[in-house]
Amino acid sequence: MSLRLDPADLYGAAEQFGIGARWQLPLRPSAFVGSIRKPADQGEQAADAIGTGTVLVSPLDMALAAGVAESGSWHQPSVVTGPSGPTLTSRVKLKGLKSQVISRLRELMADTVSSGVARAAHVAGSPLYGQVGTAPLAGHHGMRAIWFVGFRGDVAFAVIAFSRSSAFDPAVQLARQFAERLPAGY
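Only a predicted model underlies this, so the values are computations on that prediction, with no experimental measurement involved.

Within the secondary structure layout, Leu27 lies in the loop between α1 (7-16) and α2 (42-49). Considering only alpha carbons, one finds Leu27 and Val79, 52 residues apart in sequence, at a separation of 8.8 Å.

This is the structure in structure tokens:
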């Protein structure tokens, strides 16, 4: 399927979710900004299509992408220093992101938690939306990054666990624990 994908479309989709967006937090060292580069060959393009290959993201990048699924807009991250939470100063409506794409993405994320591989993350109250994945951990033979990205209410988040197994359980359990501890109303 990836051979039918125009690389420009793949990069455009990544950009719509903030991958490669230029932002900076007032921290030292600064947070990692994700990237995706032009693949060298068809094999690399196939790997990019499933989120490996030249795709480099941090859990923060993936939480920001989950935020796009929740709101339809990319928000620059901010540092929360008090109980009142952040003030959203940068909200960027991304070009080409259609409401039906966001609606379908939300449906898929809801299904993943309600009846899919992340059903152990389901919590009572406000629905939890999420997606799971796994990727080899570069430089660590046999280790994998197991992740869950999602949102509940207007809180988008990502969790990552490292394991020699490709089972999603560690990340799914962390996501459930996080979602359960969100304040009432989320």
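Next comes the rest of the description.
Glancing now at the nonpolar core. In terms of nonpolar packing, the biggest core is built from 14 residues, with Ala118, Leu128, Phe148, Phe157, Val159 and Val172 touching the most fellow members. When residues of this core are traced back to their parent elements, those giving at least two are β3 (128-136), β4 (144-152), β5 (155-163) and α5 (169-180). By residue number, the principal contributor to this core is α5, which donates four residues. By size, the runner-up hydrophobic cluster in this structure holds ten residues, among which are Val33, Leu64, Ala65 and Val68.

On to the side chain of His75, then. Tracing the chain through its elements places His75 in strand β1 (residues 73-75). A polar side-chain atom of His75 sits 3.3 Å from a polar atom in the side chain of Ser71.

Our focus in this paragraph is the pairing of β5. Here β5 shows a clear split, with Val155, Phe157, Val159, Ala161 and Ser163 buried on one side and none of Ala156, Ala158, Ile160 and Phe162 buried on the other. Hairpin geometry of β4 and β5 is characterised by an intervening segment of two residues between the two adjacent antiparallel strands and by a positive phi of about 65° at Gly153.

A separate point is the packing of aromatic side chains. This structure, assessed with the given rule, holds three aromatic pairs. Taking 4.5 Å as the distance between ring centres and 10° as the angle between the ring planes, the aromatic pair formed by Tyr129 and Phe151 counts as stacked. Taken as a pair, Tyr129 in strand β3 and Phe151 in strand β4 lie far apart in primary sequence, 22 residues in all. Between Phe148 and Phe157, the ring centres sit 5.9 Å apart and the planes meet at 15°, which makes this aromatic pair stacked. Like Phe148, the residue Phe157 is buried in the burial classification. Ring-pair connections join several aromatic residues into one group, and the members of that group are Phe148, Phe157 and Phe178.

Conventions adopted
- Residues numbered from 1 in each chain as written.
- Predicted model: local features only at pLDDT ≥ 70, side-chain atom pairs only at ≥ 80, totals over all residues.
- Heavy atoms only, no water.
- Helix = DSSP H or I, 4+ residues; strand = E, 2+ residues; numbered from the N terminus.
- Core = buried A, V, L, I, M, F, W, Y, C linked by side-chain atoms within 4.5 Å.
- Buried < 20%, exposed > 50% of the residue type's maximum accessible area, 1.4 Å probe, protein only.
- Polar contact = N/O pair within 3.5 Å; in protein donor to acceptor, adjacent residues only side chain to side chain.
- Pairing = 2+ DSSP bridges.
- Phe/Tyr/Trp six-rings, centres within 6.5 Å; stacked < 30°, edge-to-face > 60°.

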